[in-house]
Amino acid sequence: MTDSSEPKQVFRADCPTRPILDQIADKWSMMTMAVLAEPKRFNQIKRQLEGVTQRVLTQTLRRLERNGMIERRVLPTSPVGVEYSLTPLGESLREPFSHLYTWAVEHADDIVARQRAYDARSTPAHPPQ
């Protein structure tokens, strides 16, 4: 039974939260924001995110900047450098993200065990040839 005092959730296709949730749920976005505890240059970020390609990191940073989560600052160096940092809006996601990350760490072993059990049940004894 549902609580009638709670607003009914409608997951409409044009809901403005969809693209926001899509980005927040993106692993590279969350990991990028996690490494930006302090301002960093592109290559510093890339070195901390094992497996991310330059192209994917560039796209991720652009989307995060567009959505107001990070800011890009051109440094007065020669050659010109660029530094990325969290905005106050991006900083406001750190606490909820840390709870999600902690949950994932605490439950990772259980989830992997359940995946293996599922895969063992779903794999035919003799695969077709």
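Structure: above.
Residues numbered from 1 in each chain as written. Predicted model: local features only at pLDDT ≥ 70, side-chain atom pairs only at ≥ 80, totals over all residues. Heavy atoms only, no water.

Chemist: Sorry if this is basic, but what is going on with the packing of aromatic side chains here?
Modeler: For any pair of aromatic rings, the description rests on two quantities: the centre-to-centre distance and the angle between the ring planes. Under the defined criterion, the tally for this structure stands at one aromatic pair. Between Phe97 and Tyr101 the ring centres are 6.4 Å apart and the planes differ by 35°, which places this aromatic pair in the tilted class. With a gap of four residues between them, Phe97 and Tyr101 both fall in helix 6 (residues 94-122), about one helical turn apart. A residue is classified by how much of its surface remains accessible, and Tyr101, at 52% relative accessible area, is exposed. (Phe/Tyr/Trp six-rings, centres within 6.5 Å; stacked < 30°, edge-to-face > 60°. Helix = DSSP H or I, 4+ residues; strand = E, 2+ residues; numbered from the N terminus. Buried < 20%, exposed > 50% of the residue type's maximum accessible area, 1.4 Å probe, protein only.)

Chemist: How should helix 2 (residues 27-35) be read in this particular structure?
Modeler: For helix 2, every residue scored as buried is listed here: Trp28, Ser29, Met30, Thr32, Met33 and Val35. You can read the cap of helix 2 off the contacts: a side-chain oxygen lies 3.3 Å from the backbone nitrogen of Trp28, and it is on Asp26. (Polar contact = N/O pair within 3.5 Å; in protein donor to acceptor, adjacent residues only side chain to side chain.)

Chemist: What exactly am I supposed to notice about the nonpolar core here?
Modeler: Most often, soluble globular proteins have nonpolar side chains that are buried together. In this structure, Met33, Ile45, Leu49, Leu57, Leu61, Ile70 and Tyr84 are the most contacted members of the largest nonpolar core, which totals 18 residues. The greatest single-element share of this core, amounting to four residues, is contributed by helix 2. Not counting the four nearest positions on each side in its chain, Met33 is found in contact with Leu64, Met69, Leu86, Gly90, Leu93 and Arg94. (Core = buried A, V, L, I, M, F, W, Y, C linked by side-chain atoms within 4.5 Å. Contact = heavy atoms within 4.5 Å.)

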